[in-house]
Amino acid sequence: MKIRFLWQKRKSIIFTWLISYSAVLFVPMMMSWIIYMQSSEALKSEIHRANDSLLKQVRYTIDNQIDLMKRLNMEVTWNAKLQSLMYSNLRSNDDQFLAFQLVKEFRMYQTSYATIDEFYVTWDQESSILRPGNVRDLKTAFDTIHNTGTLRYEQWLDTIHNSANNQFLLLPRADAANSQNSIAYIAHLPKDLNGKQTGTVVVMADIEKFQKSMETISGFSGGQILILNHDNQVLLSNLPVSVNKNLILEQLLDRDDVMYKPAQNGDSELFYMQSAVSDLKYVLVIPSRIYWEKAEYVRKFTYISILISLMGAGVLTWFFMRRNYSPIQRLVQSLSDKNSTQERPDGNELNFIQRAISQTRNEKDKIALQLQSHHHVLRSNMLNRLLKGKMDTLIPYEEAFKSFHIDLISTDFAVILFAVENQDSLSTNLPGMDMNERRKLIQFIITNVVEELVGQRGHAGYVAEVDDMMVCLVNFADIEAVEMKQDLHWIATEAQRFLIRFRMDLTLSIGGIHGSLFGVAEAYSEALDAMEYKMVRGKREIITYDEIRIDSTDQQQLGYYYPLQVEQQIINLIKVGDFEQASASMNEIMERNFNKPLVSLTLARCLIFNLVGTMVKAINELGDGDSRILEDNPLWMDKIIACDTILEMQHELQTLLKEVCAFAAVKMETNLSKERAETLRELISKVTHYIDEHYQDSNLNVNTIGERFELKGSYLSRLFKDQTGEGLLDYITKVRIQQAKRMISYKQDSISDIANYVGYNEVATFIRVFKKYEGITPGKFKEMN
């Protein structure tokens, strides 16, 4: 009997609470376990902090040496003599002499960087090595520096030429005392103008120096430190590499800060740090047993606390379970009296209470939702019929307004029309929404923004969707007509500006102001007429009906201008390939037709199609029956027709005009005689020869050369640049600077004498021009050479 009673009560809240409170018994256990884990982590943290400090000391010490190697590499790479040797087309004797000077300077670098054991530069052009004090061929240099028996000559060449730039590697080094490995920093010099390798800078420091640096730092708590390069090659270790290297490499993360990660084998802990000056990595591996030996005491204390917590929690669970069930029992009895028809088949008190409350709330929400949905649909339908002039409603509009909480504050109305021009781009900016949801969201945003702006001016605004456009019916306050127009323009301007934040590009049109409900349909019609004029005015504009309204006195402004002689002139310009003049004439025609206070849409379309016909006539008159440009652009007429505005049509016309003119120009260019081209080449040759002979003349300039060859200076300069790609004045200056550099290299004349010799009366002018072309002053150039 008792078992059956307990089974029937299995879904009761008291049974659920019994299980829930019993689950609370695990909380002390979990808290004790967390305390134990936190204590262990605290011990680990202290050890981590100590090892982090040691690892940072190692990084600081070794990074100083690495930084010296990189600084030496930088000074060698950008040495002026090395740059001249690698990238200047010098004679063989000059190359050897410059190389001799360079290796002498290398001795000075060797003295300045005493901690660097060896450095050299490969000279690929001469297959040589540049060392401090000597120049050796590659084989001799290899035998002298690296031939310890562990690296073959071919392997060394492959390493030097094919290794990654700015790479740290291990290379053997042989000296008089002993042979040992060195950490080498390899950096390739920039390629020459032909894209060929010029050389490689190799800076080497013995591993022994790095190891001594690590030995000066106190121990690593029984751990091992590894230094890895970019390719995770072990360059240095304080102990023989006995750990699983592959396991370490799998766990390394490419980060700039200190990282701790347990090793996957559970026997060690891994610390990793990136070098501050290079792509080297510092790794510290220490045994895991260090942590657990110190955490044994915390573990025993945790077990005792869990046992005590379990005993206390069991007593409190039963007490609070009985105490908290009494209010629930009374609430169930109260709901059962008021809902006697409801039963509790599952026996759960909370489910019974939840169902009773949910049913009541659902019924209330359902009724409110239906009312709201019907209210919105009916209001939109009523405004739609009002805007379209359908006044034959069963209920007068005054009563309908009251039903929809629309208060008329006056009898003056106007209509603002909104057209969203970038529906497609808005769809891409709202992923995850279907077309209907996007449309509703756009309507919601425009409705709230526009109605609030109308309210700010003291008027009433009501927005609805009509024929894929948003319409705002504005009911004005009692103000003057001039102020009404100003407020309409302000509302339109602010709405357009504000909705840009939501990436909406709007074209707005404003109808006239009317003094009764019957005038609302006329105001809507006027706004539609104004919206049509976006074809002429362009998109993203605000168009008012007053601007496009046609009076009897304005008929003379609707004229059409495109005479036959102008059309023939444009055809002739197209045939000769003169795009600039043809475009200017076409733009002038458009300005004379469209820059009027009022433009007829029919005449505007007619003008566009006539301009298209002009280009078709020009193509047909190009001759030889060549219609390739028409075949290559079969849809260009459809493109122009599909444009929404005159501006877009004009852009398509300009694109087509450019293609047609380019086609005509190509045909004309192919007909140029070879004799004229040969004459131009001979003229340019004579001009360059004349400059080479008379560069010392201070009066030599573009005009004097033009007079010499009986041509206008500017025309001759343009011919020279077209043939050589270089300006005539630039060529004169370049010849003078080259002669000056040659004289400076001899170090026999002063800067002033050299300036006068190459055609500069003022030495200051010579210095300024020299620095502009060479980047340094003549005096600095003289010191370097």
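The structure displayed is predicted, hence computed values, not measured ones.

Conventions used here
- Residues numbered from 1 in each chain as written.
- Predicted model: local features only at pLDDT ≥ 70, side-chain atom pairs only at ≥ 80, totals over all residues.
- Heavy atoms only, no water.
- Helix = DSSP H or I, 4+ residues; strand = E, 2+ residues; numbered from the N terminus.
- Buried < 20%, exposed > 50% of the residue type's maximum accessible area, 1.4 Å probe, protein only.
- Pairing = 2+ DSSP bridges.
- Axes fitted to C-alpha atoms, helices over the stretch in contact; angles between N-to-C directions.
- Contact = heavy atoms within 4.5 Å.
- Salt bridge = Lys/Arg side-chain N within 4 Å of Asp/Glu carboxyl O.
- Expected span 1.5 Å × (residues − 1).
- Arc of directions from axis to C-beta.
- Phe/Tyr/Trp six-rings, centres within 6.5 Å; stacked < 30°, edge-to-face > 60°.
- Lys NZ or Arg CZ within 6 Å of the ring centre and 35° of its normal.
- Patch = residues over 30% accessible without salt bridge, like charges linked within 9 Å, V, L, I, M, F, W, Y side chains within 5 Å.
- Areas by Shrake-Rupley, 256 points an atom, 1.4 Å probe, with all protein chains shown as cover.

Novice: Account for the overall build of the protein, with residues named and values stated.
Specialist: Counting secondary structure elements, the protein contains 31 helices and 16 strands. Residue burial in the protein is summarised as follows: out of 785 residues, 41% are buried.

Novice: Explain the sheet that holds strand β14 (residues 469–475) to me, using residue names and the numbers behind them.
Specialist: Spatial strand order, β13-β14-β12-β15-β16: 5 strands in an open sheet with mixed pairing. Across the chains shown, the open sheet's two edge strands, defined by having one partner strand only, are β13 (460–466) and β16 (542–544). Taking the axes of each pair of neighbouring strands and ignoring which way they run, one obtains an average angle of 20 degrees across the sheet. Packing of helix α15 (residues 481–499) onto the sheet brings it into contact with β12 (413–420), β14, β15 (506–510) and β16, and relative to β15 it is tilted by some 170 degrees. On top of the sheet, helix α16 (residues 519–532) reaches β12, β13, β14, β15 and β16; it is set at about 35 degrees to β12, its chief contact.

Novice: How would you sum up the pattern of salt bridges? Please name residues and give values.
Specialist: Enumeration according to the criterion identifies 8 salt bridges in this entry. A salt bridge links Lys81 to Glu105, with the shortest nitrogen-to-oxygen separation between them at 2.8 Å. Taken together, the residues Lys81 in helix α4 (residues 80–87) and Glu105 in helix α5 (residues 92–112) connect sequence positions 24 residues apart. You can call Lys81 buried: its relative accessible area is 16%. On the basis of relative accessible area, Glu105 is assigned to the partly exposed category, the value being 22%.

Novice: Provide a residue-level description of the side chain of Thr507, including the pertinent values.
Specialist: Mapped onto the fold, Thr507 is located in strand β15. In this view, Thr507 contacts Leu417, Phe418, Ala419, Glu421, Met531, Lys534, Lys539, Arg540 and Glu541; residues no more than four positions away in its chain are not counted.

Novice: Talk me through helix α27 (residues 713–724); I want residue IDs and the actual numbers.
Specialist: Here α27 contains 12 residues, and its C-alpha end-to-end distance of 16 Å stays within 8% of the 16 Å for a straight helix at 1.5 Å per residue. All buried positions along α27 are accounted for by Gly713, Leu716, Ser717, Leu719 and Phe720. End-on view of α27: buried residues confined to an arc of 160 degrees, all on one side of the axis.

Novice: Explain the pairing of strand β3 (residues 134–137) residue by residue, including any values.
Specialist: Where strand β2 (residues 128–131) meets β3, 4 bridges bridge the pair, whose relative direction is antiparallel. Each residue of the ladder has a partner; that of Ser128, found in β3, is Asp137. Turn length for the β2-β3 hairpin, with the two strands adjacent in sequence and antiparallel, is 2 residues, and the turn residue Gly133 shows positive phi of about 95 degrees.

Novice: So what about unusual backbone geometry? Which residues, and what values?
Specialist: Unlike most non-glycine residues, Ser127 shows phi in positive territory, near 55 degrees. Relative to the elements of secondary structure, Ser127 occurs in the loop between β1 (118–123) and β2. One non-glycine residue with positive phi stands out, namely Asn166, at about 55 degrees. Note on placement: Asn166 falls in the loop between α7 (153–162) and β4 (167–174).

Novice: Can you lay out helix α14 (residues 435–456) for me, pointing to particular residues and giving the numbers?
Specialist: Since one α-helical turn is 3.6 residues long, residues separated by three or four positions face the same way. With 22 residues, α14 extends 32 Å between its outermost C-alpha atoms, agreeing within 8% with the 32 Å of an ideal straight helix rising 1.5 Å per residue. By the burial criterion, the buried members of α14 are Arg438, Ile442, Gln443, Ile445, Ile446, Thr447, Val449, Val450, Leu453 and Val454.

Novice: Explain the packing of aromatic side chains residue by residue, including any values.
Specialist: How two aromatic rings sit relative to each other is given by the distance of their centres and the angle of their planes. Considering all chains together, one arrives at 13 aromatic pairs under this definition. Summarising the aromatic geometry, the rings of Phe498 and Phe502 are spaced 6.0 Å apart at their centres and angled 55 degrees between planes, so their arrangement reads as tilted. Using a relative accessible area of 37% as the deciding quantity, one classes Phe502 as partly exposed. A network of ring pairs unites the aromatic residues Tyr120, Phe142, Tyr153 and Trp156 as a single cluster. Cation over ring: Lys139 sits above Tyr153, and NZ or CZ is 5.6 Å from the ring centre. Against the face of Tyr760 rests Arg736, its NZ or CZ located 5.4 Å from the ring centre.

Novice: I'd like a rundown of a nonpolar patch on the surface, residues and numbers included.
Specialist: Together, Phe26, Val27, Met30, Met31, Trp33 and Ile34 make up a nonpolar patch on the protein surface, roughly 590 Å² of accessible area in all. Among the secondary structure elements, Val27 is positioned in helix α3 (residues 26–77).

Novice: Quick rundown of the pairing of β12? Include the residues and the values.
Specialist: Among the 8 residues of β12, 8 are classified as buried, and the element is accordingly described as predominantly covered. Burial along β12 is two-sided: Phe413, Val415, Leu417 and Ala419 and Ala414, Ile416, Phe418 and Val420, pointing in opposite directions, are all buried. Direction of pairing for β12 relative to β14: antiparallel, over a ladder of 6 bridges. Directly across from Ala414, in β14, lies its bridge partner Val474. Bridge analysis of β12 against β15 gives 5 bridges, and the strand direction is antiparallel. Along β15, the bridge assignment pairs Leu417 with Ser509.

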